[in-house]
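Examination of the molecular architecture
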Amino acid sequence: MLKVGVLGAGHLGKIHLRLLQQSDKYELVGFYDENQENAERISKEFGYKNFSTIAKLIHAVDVIDIVTPTLSHYKCAKVAIKSGKHIFIEKPIANTVEEAEEIIALANEYNVKGQVGHVERFNPAFIATKEMIENPMFIETHRLAEFNPRGTDVPVVLDLMIHDIDAILSVVNSKVKNINASGVSVISETPDIANARIEFENGCVANLTASRISLKNMRKSRFFQKDAYISVDFLEKKCEVVRMKDAPEVPGDFDMILQNAEGVKKQIYFTNPDVEQNNAILDELNSFADAINNNTTPVVTLEQATDALRVAYQIIECFDK
């Protein structure tokens, strides 16, 4: 079991603490939170050991789980890596691309592993369909959330849309060619609603919409490719695959048949892949332990998270044009 410590005991940090204590791959040593009043309350309520400094916690563990505000990710990661500790960082990896690139360089220099908490990669609906997503040519995503003051210190692109950016980059095997985007600030100092169109060199186009002032929550992605349409509902953890194949000579009574202008007939059939319910946060943390113990590549690498951050900032830059 790997000894692990958590930096940051806010809303998400408390979830990480609880799950790490449940995990059979980690020994939870304790945590550090700069708000000592909050730290003492959590320590008293749940029994986690509260460390008085970051340095003392880092010294006591093998792995540091960074669940602090984005602005401090780089500083925390730098200290942990230079102490030879493996790092798990909540998304986004850092506040800037430059900081993210330096985290990568340090991890390579000190030979430690890093993984970033792009948790939708572990969403069971995405896992159930990912192998079926082959060379998608059009992707549409909607990630809408009801207003919550937590997270409004950053643009909605870094808060919400970055989940979909990372998922898209993980299935489109091509470089980004062009980005167009627009964003609107409604209640925050930074955009609350954003739409982006990402064009890839292979011709794939992704259209992403994110809002944090919606009247309802929605997290849906649709992938269109030759002879198939794949729908993933990240919120409801459901998925649907619609495929087309050449129609049989003699269709059955209940077969759905389409005929195009050239007379070519295709049969449509629907499948709902089995979705194995899971705890995505626990799974991502456990997968990182496996990567360390087996010396394999983490599921969400520091490099991949940096690519997602780079695209996110390219989107944000479009807002000022």
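Residues numbered from 1 in each chain as written. Predicted model: local features only at pLDDT ≥ 70, side-chain atom pairs only at ≥ 80, totals over all residues. Heavy atoms only, no water.

You'll find the chain entered in an unreviewed UniProt entry as Gfo/Idh/MocA family protein, with Flavobacterium quisquiliarum given as the organism.

So, on to the overall build of the chain. Assigned secondary structure in the chain consists of nine helices and 14 strands. At 22 Å, the chain has a C-alpha radius of gyration in line with the 20 Å of a compact globule built from 321 residues. Seen along its three principal axes, the alpha-carbon backbone of the chain occupies a region of about 75 × 45 × 40 Å. Counting all 321 residues of the chain, 51% fall into the buried class. By sequence separation, contacts in the chain at least 24 residues apart represent 67% of the contacts at least 6 residues apart. Side-chain charges in the chain split into 35 positive and 46 negative, and the spacing between the mean points of these groups amounts to 2 Å. (Helix = DSSP H or I, 4+ residues; strand = E, 2+ residues; numbered from the N terminus. Rg over C-alpha atoms; globule rule 2.2 N^0.38 Å. Buried < 20%, exposed > 50% of the residue type's maximum accessible area, 1.4 Å probe, protein only. Contact = heavy atoms within 4.5 Å. Lys, Arg positive; Asp, Glu negative; His and termini not counted. Charge placed at Lys NZ, Arg CZ, Asp CG, Glu CD.)

Okay, the pairing of strand S6 (residues 138–144) next. Of the strand pairs in this sheet, S6 and strand S9 (residues 205–211) are connected by seven bridges, and their pairing is parallel. Of the residues in S9, the one forming a bridge with Phe138 is Val205. Bridge analysis of S6 against strand S10 (residues 218–225) gives seven bridges, and the strand direction is antiparallel. Bridge assignment links Thr141 to a residue of S10, and that residue is Ser221. (Pairing = 2+ DSSP bridges.)

Within this structure, the stated rule accounts for six aromatic pairs. Residues Phe31 and Tyr48 carry aromatic rings whose centres are separated by 6.5 Å and whose planes lie at 85 degrees to one another, so their mutual orientation is edge-to-face. Of the two residues, Phe31 sits in strand S2 (residues 26–32) while Tyr48 sits in the loop between helix H2 (36–46) and helix H3 (54–59), which places them 17 residues apart along the sequence. In terms of burial, Phe31 and Tyr48 fall into one category: buried. Relative to Phe234, the ring of Phe126 has its centre 5.8 Å away and its plane inclined at 40 degrees; by these criteria the two rings are tilted. (Phe/Tyr/Trp six-rings, centres within 6.5 Å; stacked < 30°, edge-to-face > 60°.)

The subject of this paragraph is the sheet that holds strand S11 (residues 228–233). Spatially, the nine strands line up as an open sheet ordered S7-S8-S9-S6-S10-S11-S12-S14-S13, and their pairing is mixed. Strands with a single pairing partner mark the edges of an open sheet, and in this sheet they are strand S7 (176–184) and strand S13 (256–259). Neighbour-to-neighbour, the strand axes of the sheet open up by a mean angle of 15 degrees, direction not taken into account. Across eight bridges, the pairing between S7 and strand S8 (residues 193–200) is antiparallel. When the sheet's bridge partners are listed, Ser182 is paired in S8 with Asn195. Strands S6, S7, S8, S9 and S10 of the sheet are contacted by helix H7 (residues 156–171), whose axis makes an angle of about 155 degrees with S9. (Axes fitted to C-alpha atoms, helices over the stretch in contact; angles between N-to-C directions.)

All right, on to the pattern of salt bridges then. For the structure shown, the criterion picks out eleven salt bridges. Residues Asp290 and Lys25 are paired through a salt bridge, measuring 2.9 Å at the closest nitrogen-oxygen approach. Of this pair, Asp290 sits in helix H8 (residues 280–294) while Lys25 sits in the loop between helix H1 (11–22) and S2, and the two are 265 residues apart along the sequence. Residue classification places Lys25 among the partly exposed positions, given a relative accessible area of 26%. (Salt bridge = Lys/Arg side-chain N within 4 Å of Asp/Glu carboxyl O.)

This part takes up the sheet that holds strand S4 (residues 86–90). Pairing is parallel across the open sheet formed by five strands, whose spatial order is S2-S1-S3-S4-S5. The sheet terminates laterally at S2 and strand S5 (114–117), the two strands that pair on one side only. The sheet shows a mean angle of 20 degrees between the axes of neighbouring strands, direction not considered. The pairing of strand S1 (residues 2–7) with strand S3 (residues 63–66) spans four bridges and is classified as parallel. Within S3, the position partnered with Leu7 by the bridge is Ile66.

This part takes up the pairing of S10. Relative to S11, S10 runs antiparallel, the two sharing six bridges. Among the inter-strand pairings, Phe224 is bridged to a residue of S11, identified as Tyr229. Here S10 hands over to S11 after two residues, with Asp227 in that stretch at a positive phi of 65 degrees.

Relative to the helices and strands, Gln115 resides in strand S5. A distance of 3.2 Å separates the side chain of Gln115 from the backbone oxygen of Glu284, its partner in a polar contact. Ignoring anything within four residues of it in the chain, the contact list for Gln115 reads Ile87, Phe88, Ile89, Phe122, Glu284, Ser287, Phe288, Pro298, Val299, Val300 and Leu302. (Polar contact = N/O pair within 3.5 Å; in protein donor to acceptor, adjacent residues only side chain to side chain.)

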